[in-house]
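Okay, here's what each chain looks like letter by letter:
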Amino acid sequence: MSKKVTPYKDSTLGKKQQVTKMFDTISGNYDGLNRVISFGIDIQWRKKVVKMVHATKPQSILDIATGTGDLAINLAQENKTANIVGLDISAGMLEVGKQKIADKNLTNRIEMVLGDSEQLPFEDESFDSATVAFGVRNFEDLEKGLAEIFRVLKKGGTFVVLETSVPTKTPFKQGYNLYTKNLLPVIGRLFSKDQSAYAYLSESASVFPYGKAFNDILTKVGFIEVKDHPQTLGVATIYQAKK
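Below or above, wherever it landed, is the structure these notes cover. (Residues numbered from 1 in each chain as written. Predicted model: local features only at pLDDT ≥ 70, side-chain atom pairs only at ≥ 80, totals over all residues. Heavy atoms only, no water.)

### Section: the overall build of the chain
Secondary structure summary: the chain contains nine helices and seven strands in total. The C-alpha radius of gyration computed for the chain amounts to 17 Å, which stays within 12% of the reference 18 Å derived for 243 residues, consistent with globular compactness. Viewed in the frame of its principal axes, the chain has a C-alpha envelope of about 45 × 35 × 35 Å. In the chain, which comprises 243 residues, the share counted as buried stands at 54%. (Helix = DSSP H or I, 4+ residues; strand = E, 2+ residues; numbered from the N terminus. Rg over C-alpha atoms; globule rule 2.2 N^0.38 Å. Buried < 20%, exposed > 50% of the residue type's maximum accessible area, 1.4 Å probe, protein only.)

And the structure:
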C-alpha cells in the first residue's frame, strides 16, 4: 500500500488492533449499512465469487476476514458438501455471523474461528480453496497475509479475492471520488456510532493497490494464473489465482 491508513488517527495502537476495535464497534449495523453504501450491488459481486469457487468443486474452503459470514453462507448454500471455515479477527463480527449461520441451519457446515489472517492457525495445504471479500486492504502486512493464505492452500488450490478498486475512466473516476470522499463518510456517520469507521473504509479503498498492482503482489507471493475481473465500472475487482 502506498500510504498507511488506519481507522483512528490519534490512536497509539497498531493497525491490526485498530481494525479489530473498529469492526467490534460497528458489527451490529455493518450488514445493513453495507447494503446502503453499495446500493446492494455487493450481493451480485459475491455471487460471482461463489460461482468461480464452486466451478473448482472444493471440499474444504477457508473464508478469511469473513466478518459476519455473508460469503461463507453463500458458499455453503452453493456447495452442499464442502466444509467451510470462516476466520476473522473481530469477535463482534463473528458473533453476528454465528447467529446468521444458526438462523439458516448451517452451523454443522460452517465453523467460525477467531484468528489473525497473518498467522493462520492451520496446517500447510489444509484447504482446496480460499476467499477474501473486502478484507485484504485491512491486512497490516499485505504480503505476509497473502503468503499465509498461499501456505494453507493445497497445491492446485484456488484463491479468489473481492476487493474495492478505483475506476480509471472519466467521468466514473470523478463520480467515485466524490461519492467515497464526501458522501460515504456522511452516510457512515448517520448510521454508525463510530464516526471514524467509514471514513477509514473509503480512504483505505482509495490507496489500496488494484488491478495489475495487486496481480503483481499475488505473483510475487507465489500464485500463478493470476487474473483480475473489474466489476461495475471498476468500483470493485475480483481476482483469481492458483497455487
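From this point on, the discussion continues.
### Re the pattern of salt bridges
A complete count under the given rule lists 16 salt bridges for this structure. Note that Glu-163 is salt-bridged to Arg-137, the shortest N-O span being 2.5 Å. With a gap of 26 residues between them, Glu-163 in strand β5 (residues 153–164) and Arg-137 in the loop between β4 (127–133) and α6 (142–152) connect regions that are remote in the sequence. Here Glu-163 matches Arg-137 in class, with each residue buried. Overlapping salt bridges, with partners in common, bring together Asp-31, Arg-35, Asp-42, Arg-46, Asp-70 and Lys-100 in one network. (Salt bridge = Lys/Arg side-chain N within 4 Å of Asp/Glu carboxyl O.)

### Some details on the packing of α6 against helix α9 (residues 212–221)
The N-to-C vectors of α6 and α9 enclose an angle of 55°; their axes lie 9 Å apart at closest approach. The angle between α6 and α9 places the two elements in the oblique class. Helix-helix and strand crossings are classified by hand; for α6 and α9 the assignment is right-handed. Contact residues: α6 offers Leu-142, Glu-143, Leu-146, Ala-147 and Phe-150, while α9 offers Phe-214, Ile-217, Leu-218, Lys-220 and Val-221. Here the contact of α6 with α9 is built from residues that sort into eight nonpolar, no polar and two charged. (Axes fitted to C-alpha atoms, helices over the stretch in contact; angles between N-to-C directions. Parallel < 35°, antiparallel > 145°, perpendicular 65-115°, else oblique. Left-handed = near helix turned anticlockwise from the far one by under 90°. Contact = heavy atoms within 4.5 Å. Nonpolar A, V, L, I, M, F, W, Y, C, P; charged D, E, K, R; others polar.)

### Re the packing of aromatic side chains
Per the stated rule, a full pass over the model turns up eight aromatic pairs. Seen in terms of ring centroids, Phe-214 and Tyr-239 are 4.6 Å apart; in terms of plane orientation they differ by 65°. Their pairing is edge-to-face. With a gap of 25 residues between them, Phe-214 in helix α9 and Tyr-239 in strand β7 (residues 236–242) connect regions that are remote in the sequence. Since its relative accessible area comes to 0%, Phe-214 is described here as buried. What makes Tyr-239 buried here is its relative accessible area of 1%. The rings of Phe-150, Phe-159 and Phe-223 are connected pair by pair, giving a single aromatic cluster. If you follow Lys-21 out to its NZ or CZ, it ends over the ring of Tyr-8, 4.9 Å from the centre. The side chain of Lys-243 reaches across the aromatic face of Phe-150, ending 4.8 Å from its centre. (Phe/Tyr/Trp six-rings, centres within 6.5 Å; stacked < 30°, edge-to-face > 60°. Lys NZ or Arg CZ within 6 Å of the ring centre and 35° of its normal.)

### A few points about the side chain of Asp-70
Of note, Asp-70 is situated in helix α4 (residues 70–78). A polar contact is formed between the side chain of Asp-70 and the side chain of Lys-100, at a distance of 2.6 Å. Setting aside residues up to four positions removed in sequence, Asp-70 forms contacts with Asp-31, Arg-35, Arg-46 and Lys-100. (Polar contact = N/O pair within 3.5 Å; in protein donor to acceptor, adjacent residues only side chain to side chain.)

### Digging into the sheet that holds strand β2 (residues 83–88)
The strand order across the open sheet built from seven strands is β3-β2-β1-β4-β5-β7-β6, with neighbouring strands paired in mixed fashion. Lying at the two open borders of the sheet, with one neighbouring strand each, are β3 (110–114) and β6 (224–231). Going from strand to strand, the sheet's axes swing by 15° on average, the running direction of each strand aside. (Pairing = 2+ DSSP bridges.)

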